[in-house]
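# Coordinates in review
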Amino acid sequence: MRRRLFLVFALLLLAASAVQARSYMAQLCDSCSFGDRKKYCIKCGHYTFDRGVPARLCDSCGFGDRAKNCVKCGHYTFGRGAAAVLCDSCAFGDRKKHCIKCGRYLFD
């Protein structure tokens, strides 16, 4: 009985970690990415000089259609969104592996 309970618990933990491992690219709508605006860091606003690191959302913040919403203004991107980026400073070290909205660590 204990062994069976342990196996069920281990499978639940594996399933939970697999769900957290998924991430989505953070997007900007046409208005927020118009012209040169897509080259600015979504977190601090500094210009990225075309070296921006893609900003990502965790599976919770990007659940369903939320992954297609602009991370700046919240409007729907209709699948035409530009990738939101982080500057080198905001993405330094492990920070690029955190959700841009809630800060949760992304395992992938």
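A short tour of the structure in this document, coming up.

Cut-offs used in this document
Residues numbered from 1 in each chain as written. Predicted model: local features only at pLDDT ≥ 70, side-chain atom pairs only at ≥ 80, totals over all residues. Heavy atoms only, no water. Helix = DSSP H or I, 4+ residues; strand = E, 2+ residues; numbered from the N terminus. Contact = heavy atoms within 4.5 Å. Salt bridge = Lys/Arg side-chain N within 4 Å of Asp/Glu carboxyl O. Disulfide = S-S within 2.5 Å. Buried < 20%, exposed > 50% of the residue type's maximum accessible area, 1.4 Å probe, protein only.

Right, let's get into the environment of isoleucine 42. Structurally, isoleucine 42 is set in the loop between β2 (27-28) and β3 (53-54). Excluding residues that lie within four positions of it along the chain, isoleucine 42 makes contacts with Leu28, Ala55, Val71, Lys72, Ala84, Val85, Leu86 and Ile100.

So, about the pattern of salt bridges. Summed over all chains, the structure comprises 5 salt bridges. Here lysine 39 makes a salt bridge to aspartate 36, at a shortest N to O gap of 3.7 Å. Residues joined by salt bridges that share partners form a network here, namely Asp36, Lys39 and Asp50.

Attention now goes to the state of the cysteines. Under the criterion given, the structure shown has 0 disulfides. The cysteine cysteine 61 is free of any disulfide, with cysteine 102 supplying the nearest cysteine sulfur at 3.7 Å. Free cysteine cysteine 99: the closest other cysteine sulfur is in cysteine 61, separated by 3.7 Å. For cysteine 99, a relative accessible area of 3% puts it in the buried group.

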